[in-house]
Amino acid sequence: VPVTGSSIAFLIDTSSSMDEAPTPGFELPGRPTPPTRLAAAKEQLLQAVQAMPKESQFRLLTFADRAHVWTPEPIRPGRRSNRDLTELLTRLQSAGGTNLYEGL
């Protein structure tokens, strides 16, 4: 999905249901299917950020039982932020229930 706009907030569900396999038919071109929905979300997030114009900015939020803001200040895409985002995403684990209201 193309990212449009100059200020984007990415919201990822990190509830336990994200440990399930991706929806049948989900494929990433040239890559094996990720083992979990959370892994797929992480990969898609990285691809989206890498495709963003350099003058744009983004924030990352997650939710399960509670919401969490991972990037208190907006971040501009670039080599360093991609590296930092990749490191942050490795720490995201799925746990808990799904509280959509917290995410919103």
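The written sequence of each chain sets the order in which its residues are numbered from 1. Predicted model: local features are reported for residues with pLDDT of at least 70 only, side-chain atom pairs are reported and counted for 80 or more only, and whole-chain, interface and lining totals are derived from all residues. By convention in this description, side-chain values take in all heavy atoms of the structure and omit both hydrogens and water.

**A word on the overall build of the protein chain**
- Secondary structure is summarised from DSSP: a helix means a run of H or I of at least four residues, a strand means a run of E of at least two, and numbering begins at the N terminus for each. Tallying secondary structure elements over the protein chain gives three helices and three strands in all.
- When its helices and strands are written in sequence order, the protein chain yields β-α-β-β-α-α.
- Its C-alpha atoms give the protein chain a radius of gyration of 14 Å, within 12% of the compact-globule value 13 Å for 104 residues.
- Taking the principal axes of its C-alpha atoms as reference, the protein chain extends roughly 35 × 35 × 25 Å.
- Residue exposure (1.4 Å probe, protein chains only): buried if accessible area is under 20% of the type maximum, exposed if over 50%, otherwise partly exposed. Here the protein chain holds 104 residues, and the buried ones make up 35% of them.
- Whether two residues are in contact is decided by their heavy atoms: any pair within 4.5 Å suffices. Partitioning the intrachain contacts of the protein chain with sequence separation of at least 6 by distance along the chain shows that 58% fall at a separation of at least 24.
- Reported accessibility uses the Shrake-Rupley method at a 1.4 Å probe radius. Residues are deemed covered only where the shown protein chains occlude them. Within the structure as shown, the protein chain displays about 6700 Å² of accessible surface, and the carbon and sulfur contribution to it stands at 54%.
- A positive count includes Lys and Arg, and a negative count includes Asp and Glu. His and the chain ends are not counted in either. Every charge is mapped onto a representative atom, which is NZ of Lys, CZ of Arg, CG of Asp or CD of Glu. With 11 positive and 11 negative side-chain charges, the protein chain shows a spacing of 9 Å between the two charge centroids. We compute the radius of gyration over the C-alpha atoms and compare it with the globule rule, which gives 2.2 Å times the number of residues raised to the power 0.38.

**Concerning the sheet that holds strand β2 (residues 57-63)**
- One requirement defines pairing of two strands: DSSP has to find at least two bridges between them. With respect to topology, three strands assemble into an open sheet ordered β1-β2-β3, the strand pairing being mixed. Every interior strand has two partners, whereas the edge strands, β1 (7-13) and β3 (67-69), have only one. The mean angle between the axes of side-by-side strands here comes to 25°, regardless of whether they run parallel or antiparallel.
- Pairing of β2 with β3, which is carried by three bridges, proceeds in the antiparallel orientation. Within the sheet, the bridge partner assigned to Thr62 lies in β3 and is His68.
- Angles here are taken between N-to-C directions and fall from 0 to 180 degrees, while the axes themselves are lines fitted to C-alpha atoms, restricted in helices to the stretch in contact. With respect to the sheet, helix α1 (residues 37-51) is in contact with β1 and β2, its orientation differing from that of β1 by roughly 170°.

**Things to note about the environment of Arg80**
- By the secondary structure assignment, Arg80 is in helix α2 (residues 79-91).
- Here Arg80 falls in the exposed class, since its relative accessible area comes to 60%.
- When the C-alpha atoms of Arg80 and Pro32 are compared, they prove to be 26 Å apart, with 48 residues separating the residues in sequence.

Everything listed is a geometric property; what it means functionally is a separate question.
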